[in-house]
Structure formats: C-alpha cells, structure tokens
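Descriptive analysis of the structure
Single-letter residue listing:
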Amino acid sequence: RMMERLMIEIDPSLSIPEREIRFTFTTSGGPGGQNVNKVCTKATLLFDVENSPSLGEGRKRLLRDRLPGRINQQGVMRVSSQRFRTREANRRAAIERFSELLRGALEKRAPRKRTAAPAGSAERRISDKIRRGRLKLDRARPKAEDD
C-alpha cells in the first residue's frame, strides 16, 4: 500500500498528507470476544502540530488554544478509537475524528454581538430582591415592646 496515497482533507484550503500522522496500536477495551486481550486493535493517531509543515503559525496557535486537552506539552495531538474490532476500522475512525476536530477548531467564529439585557430580567431581579427581603423580615424575631 502506498503511504502517500492519502491526503486528509480538513477543508477546501487545508489538506494534511498522511505521512504527517503516526499510529500506535494497543489492546482495546470493549467487545472482541477471545481476541480482545490478544489483538492490538485500539488505534491512536498522533499528529505533531508544532512541527507540521502543512500548518501555518496562525493555525497552530488556533489548535493550541481550542484543543488544549488533546495536545501535549511537546505539541503532539492524539486521537484514539477503539469502537471497532479491527485495526483498519479504528484507524479510519481515528482519521475521521481527527479531521472533524481540526475542522471545528479552525473554523472562523463570528464575533459576539453585545446586546442589552431585556427589561423583564431587570424587573424580575428587583421583585425577587424585594420578595426575599420581606421573607427575611418575616423571619426576624419580633421586637420587645417597651412599657
């Protein structure tokens, strides 16, 4: 099989060559019958974000900011799959998840438009404060009357 055969398309402006990703295979939890403890079917995809020639500095920064739990101190991103019983199926699933994660992290996000709080919420807040204050007053010990 040719290693250069696959370009993982993230979006129309970005494709990552398969040679930039590595896989490790380990035994998997989950279904597998008698094979589950013998056959290494869990696929873990490793992608070196920091040293990837396919990504510019801006994209690397976005990935670091938006996927902090997936990228380790050395700048390597890891995605694993153990849903299926075969190496190849888990490998494909990991690649699919990898491209979804990158697509989501690299998409342009619309800036948040500031809006005023609705008048109703301010009114509710004030009436809740008044109600709460009355409740506390009712709980207070009655004052002793002077003779």
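Residues numbered from 1 in each chain as written. Predicted model: local features only at pLDDT ≥ 70, side-chain atom pairs only at ≥ 80, totals over all residues. Heavy atoms only, no water.

Within the protein, the secondary structure is distributed over three helices and five strands. The order of helices and strands in the protein, counted from the N terminus, is β-β-β-β-α-β-α-α. Relative to a compact globule of 147 residues, whose C-alpha radius of gyration would be 15 Å, the protein shows 28 Å and is clearly more extended. Evaluated residue by residue, the protein yields a buried proportion of 29% over its 147 residues. Summarising the internal contacts of the protein: among those between residues at least 6 apart in sequence, 58% fall at separations of at least 24. Within the structure as shown, the protein displays about 11100 Å² of accessible surface, and the carbon and sulfur contribution to it stands at 50%. (Helix = DSSP H or I, 4+ residues; strand = E, 2+ residues; numbered from the N terminus. Rg over C-alpha atoms; globule rule 2.2 N^0.38 Å. Buried < 20%, exposed > 50% of the residue type's maximum accessible area, 1.4 Å probe, protein only. Contact = heavy atoms within 4.5 Å. Areas by Shrake-Rupley, 256 points an atom, 1.4 Å probe, with all protein chains shown as cover.)

What follows is about the sheet that holds strand 5 (residues 76–81). Hydrogen bonding along the main chain pairs the strands of a sheet, whether they run parallel or antiparallel. Across the sheet, which stays open at both edges, the three strands sit in the order 3-4-5 with antiparallel pairing between neighbours. Each of the sheet's edge strands pairs with one partner strand only, and the pair in question is strand 3 (21–26) and strand 5. Taking each pair of neighbouring strands and ignoring which way they run, the sheet shows an average axis angle of 25 degrees. Looking at chain direction, strand 3 and strand 4 (residues 42–48) are connected through six bridges and run antiparallel. Within strand 4, the position partnered with Thr26 by the bridge is Lys42. On the sheet, helix 2 (residues 87–106) packs against strand 3, strand 4 and strand 5 and is oriented at approximately 130 degrees with respect to strand 5. (Pairing = 2+ DSSP bridges. Axes fitted to C-alpha atoms, helices over the stretch in contact; angles between N-to-C directions.)

As paired elements, strand 1 (residues 7–11) and strand 2 (residues 14–17) share four bridges and run antiparallel to each other. If you follow Asp11 over to strand 2, its bridge partner there is Leu14. Between the end of strand 1 and the start of strand 2, which pair antiparallel, lie two residues.

This model, assessed by the stated rule, comprises two aromatic pairs. Centre to centre, the rings of Phe23 and Phe25 are 6.1 Å apart; their planes meet at 15 degrees, and the pair counts as stacked. On the basis of an interplanar angle of 70 degrees and a centroid distance of 5.1 Å, the ring pair of Phe47 and Phe98 is categorised as edge-to-face. Here Phe47, found in strand 4, pairs with Phe98, found in helix 2; they are 51 residues apart in sequence, far enough to count as distant. A relative accessible area of 0% means that Phe47 is categorised as buried. (Phe/Tyr/Trp six-rings, centres within 6.5 Å; stacked < 30°, edge-to-face > 60°.)

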